[in-house]
Amino acid sequence: MSLNLEQINKDLLGKSPLEIINWAISLANNPVITTNFRPYEVAILRAVTDVQKDIKVIWCDTGYNTVQTYKHAEDIIKKLNLNIHLYTPKQTAAHRNVVLGIPSLENPEHVLFTEQVKLEPFARAMKEHQPDVWFTNLRKGQTAFRNSIGIVSQSKDGIIKVSPFYNWTDEELDTYLIERKLPNEFSYFDPTKVESNRECGLHI
């Protein structure tokens with residue numbers, strides 16, 4: 001699908017997440033949301049499922065989440081009745097810990113580790129579901145790359161990526177969650193990023 005991204009982002013500036021989601025759903029034949037249940041993910045899960053209840057929710061679980069994140073995920077899946085499609089690495093974390101561990105960013109094997117635990121499961125999910133619209137909770141200020149993409153962008157595969165909360169601050173999201181009585185969980189670990197402002201590799 002060919003889009004004038006610059007014009008679309010101008011048109012959507014100042015629109016509410018609900019308006020952005022409705023716009024994107026009107027374009028979509030096969031939309032998905034991706035999630036890892038990190039902090040504030042519940043906002044986009046609630047917002048998008050309010051518009052399309054049965055939308056496919058792709059969860060790529062690295063296998064290294066905290067106990068709190070897994071409990072939070074189960075709570076949200078039940079609370080919002082999510083249509084979850086779970087993808088995990090082909091090798092268990094326990095096995096990988098023996099043969100590879102979690103390499104540091106400076107270690108050349110970190111590239112292999114990221115491919116195994118995040119990129120391959122994600123690519124497998126996208127290949128199986130073939131979405132045309134992909135909802136994600138990217139926000140301005142998270143990484144230098146994300147500061148440049150806008151509310152709507154396009155992946156290298158041509159999938160339309162929509163970030164309804166792109167311009168929202170943590171404080172605005174806190175209010176959104178409080179008003180809707182939604183839980184949040186800050187005990188989250190991404191073994192591929194290490195640093196909070198480092199790009200994870202899925203969105204480049």
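About the cut-offs
Residues numbered from 1 in each chain as written. Predicted model: local features only at pLDDT ≥ 70, side-chain atom pairs only at ≥ 80, totals over all residues. Heavy atoms only, no water. Helix = DSSP H or I, 4+ residues; strand = E, 2+ residues; numbered from the N terminus. Expected span 1.5 Å × (residues − 1). Bend = angle between axes of the 7 residues up to and from the residue. Buried < 20%, exposed > 50% of the residue type's maximum accessible area, 1.4 Å probe, protein only. Contact = heavy atoms within 4.5 Å. Salt bridge = Lys/Arg side-chain N within 4 Å of Asp/Glu carboxyl O. Core = buried A, V, L, I, M, F, W, Y, C linked by side-chain atoms within 4.5 Å. Pairing = 2+ DSSP bridges. Right-handed = clockwise from strand over helix to strand, strands pointing away. Axes fitted to C-alpha atoms, helices over the stretch in contact; angles between N-to-C directions. Parallel < 35°, antiparallel > 145°, perpendicular 65-115°, else oblique. Left-handed = near helix turned anticlockwise from the far one by under 90°. Nonpolar A, V, L, I, M, F, W, Y, C, P; charged D, E, K, R; others polar.

As a further point, take helix α6 (residues 109–129). Because an α-helix completes one turn every 3.6 residues, residues spaced three or four positions apart along the sequence face the same direction. The end-to-end C-alpha distance of α6, which contains 21 residues, comes to 29 Å, matching closely the 30 Å that a straight helix rising 1.5 Å per residue would cover. Residue Glu-115 marks the point of greatest curvature in α6, where the axis turns by about 45 degrees. Among the residues of α6, those classed as buried are His-110, Phe-113, Thr-114, Val-117, Lys-118, Glu-120, Pro-121, Phe-122, Ala-125, Met-126 and His-129. Against β1 (31–35), β2 (56–60), β3 (83–87), α5 (93–99) and β4 (133–135) lie the buried residues of α6.

What follows covers the pattern of salt bridges. Under the defined criterion, the tally for this structure stands at 8 salt bridges. Of the charged contacts, one joins Glu-6 and Lys-10 as a salt bridge, the two residues approaching to 3.9 Å between their closest N and O atoms. Separated by 4 residues within a single helix, Glu-6 and Lys-10 lie in helix α1 (residues 5–12), roughly one turn from each other. The exposure class of Glu-6 is exposed, given its relative accessible area of 57%. On the basis of relative accessibility, which here comes to 54%, the residue Lys-10 falls in the exposed class. With a shortest N-O distance of 3.3 Å, Glu-41 and Arg-38 are connected by a salt bridge. The class for Glu-41 is buried, based on a relative accessible area of 2%.

It is worth spelling out the nonpolar core at this point. Residues Phe-37, Leu-45, Leu-82 and Phe-135 are the most contacted members of the largest nonpolar core, which totals 38 residues. Of all the secondary structure elements, the ones that give two or more residues to this core are α1, α2 (17–27), α3 (41–51), β2, α4 (67–80), β4, β6 (160–162) and α7 (170–179). Sorting elements by how many residues they give to this core places α3 first, with 6 residues. In this structure, Cys-60, Met-126, Trp-134 and Ile-159 belong to the second largest nonpolar core, which totals 9 residues.

Before going further, it helps to examine the pairing of β3. Pairing of β2 with β3 involves 5 bridges; the strand directions are parallel. By the bridge assignment, Ile-58 is partnered in β3 with His-85. Where the polypeptide runs from β2 across α4 and back to β3, its parallel neighbour, the crossover connection is right-handed.

Here we take up the packing of α3 against α7. The interhelical angle for the contact between α3 and α7, taken along N-to-C directions, is 55 degrees, at an axis separation of 10 Å. Put simply, α3 runs oblique to α7. Seen from above, α3 lies across α7 with left-handed handedness. Across the interface between the two elements, Val-42, Ala-43, Arg-46 and Ala-47 from α3 touch Leu-173, Tyr-176 and Leu-177 from α7. Counted by class, the contact of α3 with α7 contains 6 nonpolar, no polar and 1 charged residues.

A few words now on the environment of Ala-43. Residue position: Ala-43 is located in helix α3. Using a relative accessible area of 0% as the deciding quantity, one classes Ala-43 as buried. Each C-alpha atom of the pair Ala-43 and Arg-180 lies 9.3 Å from the other, and the pair is 137 residues apart in sequence. Other than its neighbours up to four places away in sequence, Ala-43 contacts Phe-165, Leu-173, Tyr-176 and Leu-177.

The next subject is the sheet that holds β4. Strands sit in the order β3-β2-β1-β4-β6-β5 across an open sheet of 6 strands; the sheet is mixed. Of all the strands in the sheet, just β3 and β5 (152–154) have a single pairing partner and so form its edges. Within this sheet the neighbouring strands show an average axis-to-axis angle of 30 degrees, counted without direction. Examined bridge by bridge, β5 and β6 share 3 bridges and lie antiparallel to one another. What sits directly across from Ser-153, in β6, is Lys-161. In the packing of α3 onto the sheet, the strands contacted are β1, β2 and β4, and the crossing angle to β1 comes to about 160 degrees. In this fold α6 packs onto β1, β2, β3 and β4, with an angle of close to 130 degrees to the strand it touches most, β3.

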